[in-house]
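The chain contents come next:
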Amino acid sequence: MMRRPFLNILASLGLGSAASGSAIAASTPTRADKIEMPDSEWKKRLSDSAYRVLRQDGTEPPHTSLLNSEKRVGAFHCAGCDLALFSS
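Here the structure is a predicted model, which means the values were calculated and not measured.

> Tell me about the state of the cysteines, and name the residues and values.
Tallied over the full model, the rule gives zero disulfides. The closest cysteine sulfur to the non-disulfide-bonded Cys78 is located on Cys81, 3.6 Å from its own sulfur.

> Describe the environment of Arg45, and please don't skip the residues or the numbers.
With respect to the helices and strands, Arg45 occurs in helix H4 (residues 39-45). For Arg45, a relative accessible area of 47% corresponds to the partly exposed category. The spatial distance from the C-alpha of Arg45 to the C-alpha of Ala79 is 9.6 Å, given a sequence separation of 34 residues. In contact with Arg45, not counting residues within four places along its chain, are Met37 and Gly80.

> Go over the packing of aromatic side chains with me, naming the residues and quoting the values.
Enumeration over the complete set of coordinates arrives at one aromatic pair. A centroid spacing of 4.8 Å and a plane angle of 15° characterise the contact between Phe76 and Phe86, whose relative ring orientation is stacked. Placement of the pair is Phe76 in strand E1 (residues 75-77) and Phe86 in strand E2 (residues 84-87), with a sequence separation of 10 residues.

> Break down the pattern of salt bridges for me, citing the residues and quoting the values.
In the structure shown here, the tally under the stated rule is two salt bridges. Residue Lys44 pairs with Glu41 through a salt bridge whose shortest N-O separation is 3.5 Å. Taken together, the residues span about one helical turn, with Lys44 and Glu41 both in helix H4 at a distance of three residues. By relative accessible area, which is 34% here, Glu41 ends up partly exposed.

> Help me get a handle on the confidence of the model for the protein chain, residues and values and all.
Averaged over all residues, the pLDDT of the protein chain is 75; the fraction at 70 or higher stands at 62%. Here residues 15-26 is a poorly scored stretch, pLDDT under 50, and it has 13 contacts once near neighbours within four places are set aside; other chains count.

> Account for the nonpolar core, with residues named and values stated.
Counting six residues, the largest nonpolar core consists of Trp42, Leu46, Ala50, Tyr51, Cys78 and Cys81. Setting aside its immediate chain neighbours within four residues, Cys81 contacts Ile35 and Trp42.

> Pulling in residues and values, what's your account of the environment of Glu60?
Tracing the chain through its elements places Glu60 in the loop between helix H5 (48-55) and E1. If we skip the residues at most four places from it in the chain, Glu60 touches Val53 and Ser65.

Rules used throughout
- Residues numbered from 1 in each chain as written.
- Predicted model: local features only at pLDDT ≥ 70, side-chain atom pairs only at ≥ 80, totals over all residues.
- Heavy atoms only, no water.
- Disulfide = S-S within 2.5 Å.
- Helix = DSSP H or I, 4+ residues; strand = E, 2+ residues; numbered from the N terminus.
- Buried < 20%, exposed > 50% of the residue type's maximum accessible area, 1.4 Å probe, protein only.
- Contact = heavy atoms within 4.5 Å.
- Phe/Tyr/Trp six-rings, centres within 6.5 Å; stacked < 30°, edge-to-face > 60°.
- Salt bridge = Lys/Arg side-chain N within 4 Å of Asp/Glu carboxyl O.
- pLDDT = per-residue confidence, 0-100.
- Core = buried A, V, L, I, M, F, W, Y, C linked by side-chain atoms within 4.5 Å.

Here you go:
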């Protein structure tokens, strides 16, 4: 399953806030929060690899994410629009 549709499903079902119980998860983006920009603006805003992953449903190479070993408590935000996605 691709990441974006999966996160949209979780947000629409309200599982983000139920799973974490935090105020951050309560602000999980919904369809109403959707940010729309022309592709040219997304290309300016994102790196080439981020654009491919976020806008063209690409994937990162396995085991290359800096977040693989992330253990700190905090909130994760979308790299494209900076909306809160979930907390850890």
